[in-house]
Amino acid sequence: QGPNGDVPTLVLAPANVEVQEDALGNPPYGDAADGAQGNLDGVHQPTDSQTIDLATLTTFNFGNDASGSVQYALLNPGGAVADGLTSHGEQVYYFLNQTTGALEGRAGSSPQSADRVVFTVDLDASGKVVFDLQDALDHFGDDESQLALTDVGQYVRVTATNANGDHTVADFGG
């Protein structure tokens, strides 16, 4: 702790974005290289990619020690199971791409065989996150139902450090 004894505090708000599988493989809404082809009939403003600014979801209090720095990082999930998510009948697993630095949801029969990228989560130093759906996720019951990625936030870390070097670390949960 610094001389004033203040450790920064931070509060994280939940993040929600919506992407459309119907945009997959349909430029300009989705990438031509996507792993599936969507159907744009009756879809309003389709997109398979969304950006979130984590800085707008994070409240910092550096205390009396003066403000310092904020860092955002993606953690390495090492093939953890994406809770409740499958793609074309295969389980989705989380990995950190060592080349691009992006968090990837990859499908396969096991973490070792999961090589088909279903979605990516890119994070820059300012806290901007881009979620890009690249292949379809399985819907159970109603094909029009929304799916939630409720556990991806646990791999997004925020570190707030005040001028004295005191710091607080939090993950977006999941």
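Just so we're clear, the structure is a prediction, and the values are computed from it rather than from any experiment. (Residues numbered from 1 in each chain as written. Predicted model: local features only at pLDDT ≥ 70, side-chain atom pairs only at ≥ 80, totals over all residues. Heavy atoms only, no water.)

Digging into the overall build of the chain
Secondary structure summary: the chain contains zero helices and 11 strands in total. If you list the helices and strands of the chain from N to C, you get β-β-β-β-β-β-β-β-β-β-β. Here the chain holds 174 residues, and 41% of them are scored as buried. Pairs at least 24 residues apart make up 53% of the contacts formed inside the chain by residues separated by at least 6 positions. Element-wise, carbon and sulfur atoms account for 47% of the exposed surface of the chain, whose accessible area totals about 9,100 Å². (Helix = DSSP H or I, 4+ residues; strand = E, 2+ residues; numbered from the N terminus. Buried < 20%, exposed > 50% of the residue type's maximum accessible area, 1.4 Å probe, protein only. Contact = heavy atoms within 4.5 Å. Areas by Shrake-Rupley, 256 points an atom, 1.4 Å probe, with all protein chains shown as cover.)

Focus: the sheet that holds strand β10 (residues 156-161)
With respect to topology, three strands assemble into an open sheet ordered β4-β10-β11, the strand pairing being antiparallel. Of all strands in the sheet, those bounded by a partner on one side alone are β4 (69-74) and β11 (167-171). Strand-to-strand, the axes of this sheet are offset by a mean angle of 15°, without reference to chain direction. Bridge analysis of β4 against β10 gives six bridges, and the strand direction is antiparallel. The residue of β10 that forms the bridge with Ala73 is Arg157. (Pairing = 2+ DSSP bridges. Axes fitted to C-alpha atoms, helices over the stretch in contact; angles between N-to-C directions.)

What to know about the pattern of salt bridges
All chains considered together, the criterion is met by five salt bridges. In this structure, Glu90 engages Arg116 in a salt bridge whose closest nitrogen and oxygen atoms are separated by 3.0 Å. Placement of Glu90 in strand β6 (residues 90-96) and of Arg116 in strand β8 (residues 116-123) is noted, with a sequence separation of 26 residues between them. The exposure class assigned to Glu90 is partly exposed, which follows from its relative accessible area of 30%. You can call Arg116 partly exposed: its relative accessible area is 21%. For Glu104, the salt bridge is made with Arg106, and the minimal N-O distance between the two is 2.8 Å. We classify Glu104 as buried; its relative accessible area is 8%. Among the residues examined, Arg106 registers a relative accessible area of 19% and is labelled buried. (Salt bridge = Lys/Arg side-chain N within 4 Å of Asp/Glu carboxyl O.)

Some words on the environment of Gly79
Inspection of the secondary structure assignment puts Gly79 in the loop between β4 and β5 (80-87). The exposure class assigned to Gly79 is buried, which follows from its relative accessible area of 9%. Remark: the alpha-carbon pair of Gly79 and Phe95, spanning 16 residues in sequence, is separated by 5.1 Å. Each residue touching Gly79, except ones within four places of it in the same chain, is listed here: Tyr93, Tyr94, Phe95 and Pro111.

With respect to the nonpolar core
Leu54, Leu85, Val92, Tyr94, Leu103, Phe119 and Val121 are the most contacted members of the largest nonpolar core, which totals 24 residues. When residues of this core are traced back to their parent elements, those giving at least two are β4, β5, β6, β7 (103-108), β8, β9 (128-133) and β10. Leu54 has contacts with Tyr72, Leu123, Gly127, Val129, Val156 and Phe172, leaving out every residue within four places of it along the chain. (Core = buried A, V, L, I, M, F, W, Y, C linked by side-chain atoms within 4.5 Å.)

Concerning the pairing of β9
As judged from the five bridges shared by strand β2 (residues 49-53) and β9, these two strands associate in the antiparallel manner. Among the inter-strand pairings, Ser49 is bridged to a residue of β9, identified as Asp132. Summarising the sheet, β8 and β9 pair through five bridges and their orientation is antiparallel. The residue of β9 that forms the bridge with Asp122 is Val130. Count of turn residues in the β8/β9 antiparallel hairpin: four residues, of which Gly127 carries a positive phi of about 95°.

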